[in-house]
Amino acid sequence: DRRADSKPSNPFKMPSDEEIFSLRDDERARKEEERRRFLTLPVHEKTTWSSRAGSTSKNVLHEDEDEALKDVDTKRKSKFGGLGSAADNAYRQERHREKENMTDFIEKKRQMFLVQMSLDTKRAEIRKLEEQAQQREEALRKSEQMLEEDSSRFELFLKMNDQKAVDAIRKAEAETKNKQDKVQEIKKLNAQIAAVKSEMAKYEESLEECQAYKRFMDELTPQEYIQEQHEAHQSEVEEKRQARKAARASAREVEDRQTEEEFLSEMEALKNVKGKRPDPKVLQQKEGEHQARLAQRTKDREKEDKDDESWDPDEGKPWEPKMYFKKPQQLLDIFAALEERNLFLIQNSQETEEQLEELKQKLEVTKSKMDEETEQLQYQINSLKQNINLEEAKASALRERANPLKGQADEHDIELLLHQLNRRVGEVYEKCAFEPDSSLGTLMMLANIEAKLEEYLTSIEMMPQEEVEKAEKEKEKERRNR
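Small disclaimer: the values here were computed from a predicted structure and weren't measured.

Conventions adopted
Residues numbered from 1 in each chain as written. Predicted model: local features only at pLDDT ≥ 70, side-chain atom pairs only at ≥ 80, totals over all residues. Heavy atoms only, no water. Helix = DSSP H or I, 4+ residues; strand = E, 2+ residues; numbered from the N terminus. Contact = heavy atoms within 4.5 Å. Buried < 20%, exposed > 50% of the residue type's maximum accessible area, 1.4 Å probe, protein only. Salt bridge = Lys/Arg side-chain N within 4 Å of Asp/Glu carboxyl O. Axes fitted to C-alpha atoms, helices over the stretch in contact; angles between N-to-C directions. Parallel < 35°, antiparallel > 145°, perpendicular 65-115°, else oblique. Nonpolar A, V, L, I, M, F, W, Y, C, P; charged D, E, K, R; others polar. Patch = residues over 30% accessible without salt bridge, like charges linked within 9 Å, V, L, I, M, F, W, Y side chains within 5 Å. Areas by Shrake-Rupley, 256 points an atom, 1.4 Å probe, with all protein chains shown as cover. Lys, Arg positive; Asp, Glu negative; His and termini not counted. Charge placed at Lys NZ, Arg CZ, Asp CG, Glu CD. pLDDT = per-residue confidence, 0-100.

Asker: Got a minute to help me understand the overall build of the chain in this structure?
Answerer: In terms of regular secondary structure, the chain is built from 12 helices and zero strands. The linear arrangement of helices and strands in the chain, starting from the amino end, is α-α-α-α-α-α-α-α-α-α-α-α. Contacts spanning at least 24 positions in sequence make up 63% of the contacts within the chain whose residues lie at least 6 apart.

Asker: Explain the side chain of Thr259 to me, please; I cannot follow it from the model alone.
Answerer: Of note, Thr259 is situated in helix α7 (residues 223–271). In this structure Thr259 touches His290 and Arg297, once residues within four positions along its chain are discounted.

Asker: Looking at this model, I keep getting lost on the side chain of Arg252. Mind explaining?
Answerer: Tracing the backbone shows Arg252 in helix α7. With a relative accessible area of 14%, Arg252 lands in the buried category. When sequence neighbours within four positions are dropped, the list of residues in contact with Arg252 reads Arg301, Glu304 and Asp305.

Asker: How should the pattern of salt bridges be read in this particular structure?
Answerer: A side chain with one charge may pair with a side chain of the opposite charge, provided their charged atoms come close. Throughout the structure, instances matching the rule amount to 13 salt bridges. Residues Arg35 and Glu32 are paired through a salt bridge, measuring 2.5 Å at the closest nitrogen-oxygen approach. Taken together, the residues span about one helical turn, with Arg35 and Glu32 both in helix α2 (residues 17–40) at a distance of three residues. Judged by relative accessible area, Arg35 falls into the partly exposed class, the value being 43%. With a relative accessible area of 30%, Glu32 lands in the partly exposed category. Ionic pairing is found between Glu427 and Arg423, a salt bridge with its closest N-O pair at 3.4 Å. Within this pair, Glu427 and its partner Arg423 are both found in helix α10 (residues 411–431), separated by four residues, close to a single helical turn. What emerges from the salt-bridge pattern is a single network uniting Glu27, Arg30, Glu34 and Lys122.

Asker: Would you mind showing me how to read the packing of α7 against helix α8 (residues 280–309) here?
Answerer: How two helices sit against one another is set out by the angle between their axes and by the gap between those axes. In the contact formed by α7 and α8, the axes pass within 12 Å of each other and the chain directions differ by 175°. With respect to their mutual orientation, α7 and α8 come out roughly antiparallel. Split into classes, the residues belonging to the contact of α7 with α8 amount to five nonpolar, two polar and 18 charged.

Asker: Help me out: how do you make sense of a negative patch on the surface in this one?
Answerer: There is a patch of like negative charges on the surface, built from Glu351, Glu353, Glu354, Glu357 and Glu358. Secondary-structure assignment places Glu351 in helix α9 (residues 328–402). Here Glu351 falls in the partly exposed class, since its relative accessible area comes to 47%.

Asker: Help me out: how do you make sense of a nonpolar patch on the surface in this one?
Answerer: Together, Phe154, Phe157 and Leu158 make up a nonpolar patch on the protein surface, roughly 300 Å² of accessible area in all. Along the polypeptide, Phe157 turns up in helix α6 (residues 102–220).

Asker: What's the story with the confidence of the model for the chain in this structure? I'm lost.
Answerer: Interpretation of the predicted coordinates at a detailed level should be avoided for regions scoring low in pLDDT. Confidence in the prediction for the chain averages 77 pLDDT; 79% of positions are at 70 or higher. Taken element by element, the predicted model of the chain shows its lowest mean pLDDT in helix α1 (residues 2–5) (43) and its highest in α6 (89). Predicted confidence is poor over residues 75–84, with pLDDT under 50, and the contacts of this stretch with residues over four places away or in other chains come to five contacts.

Right, here's the structure in full:
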């Protein structure tokens, strides 16, 4: 037979890497298909993962065989069309009764190997998953340990925080108590300060009152006594200065004597050195240093003498003479003398006030008269100004009539009129007792005349009213006689 002659390939050889990966891909596809089929099953037909994982290879083989039978049945159904269920069952029984040949046995062994390999692969995956689960559990255990440590640290933090809060509350209570004590102490000190200030205010008022009395008594003190006290103070200051100078002079003499003795002894020691001759340079140097010290000391003493001349024994304090009044009777005697003097002054002041009152009355009368005269003169001035304005208006009208061409007058006529006006103003200027001056213009002479007129008017206001009226009447008569 062809089947006997054909040599089947050895199914027990090691598969290549590509076949292994393809088998793994097929296994994954099969698992995905089973998962999808499992999802579509009813609830009562579903199984758990443990029951599925515990299934044996026999069950797998039976499932594969059932699937193969299902495929054959499907092919037969498609081939023979709609045969009855009896024919299908007979075919299945006949199929089971057939003996398995070597090829089927090898195929089954191959399938068993593949199933065993898939089981090994699944076991390896399970081990990996278990290792991952253990790693996850270890990570969870470490996380739980870390959480416990964090929880313990947090509890410790809370305890410390509570302790700090309690300490802070105690400290705040202590500070509050100290604050209240300090506030009470401040209130007491403020009360004491207020009492001291009130006493100081009383003492200051008493001091001001005493100073006022003292100033009053100083004003009553005779100047001769103050001059005597000042001279005595100056002599005392001078005596203190002289005493200071004498003490400084005696100290200087002692210092000069000691310095000279020390210098001479040092020079003798240098000259009397045994076995050596004195060095002239050293002696000259020592003498020069001595002279320099003496010169510096002289300068310092001159400065001290100047300071002594300006030395103030009072140390800048203002000098005040001693109190002149020792007994109250002295004040009473001075008050009696001042009262007698004041009586005479009061009488004189009363007489002076009476004279002043009379002069005020005369001044009021004279002022009223002068006001009346001023009003009259002002009225006359206003009337004269009005008359002048009327005359000027008439003159301008006459000029317009004489010269019908307005604005076209001859310049020679204008200069002639200005010259005549200047001459007439000069005559009036000379009659007003001014010296003739050709350098002055018409406006300046008019200003001087106006000032002179105001001066005359002022002097007229100061004159008696009767004499003024009399003179006005005489002048009016003279004017009419002209």
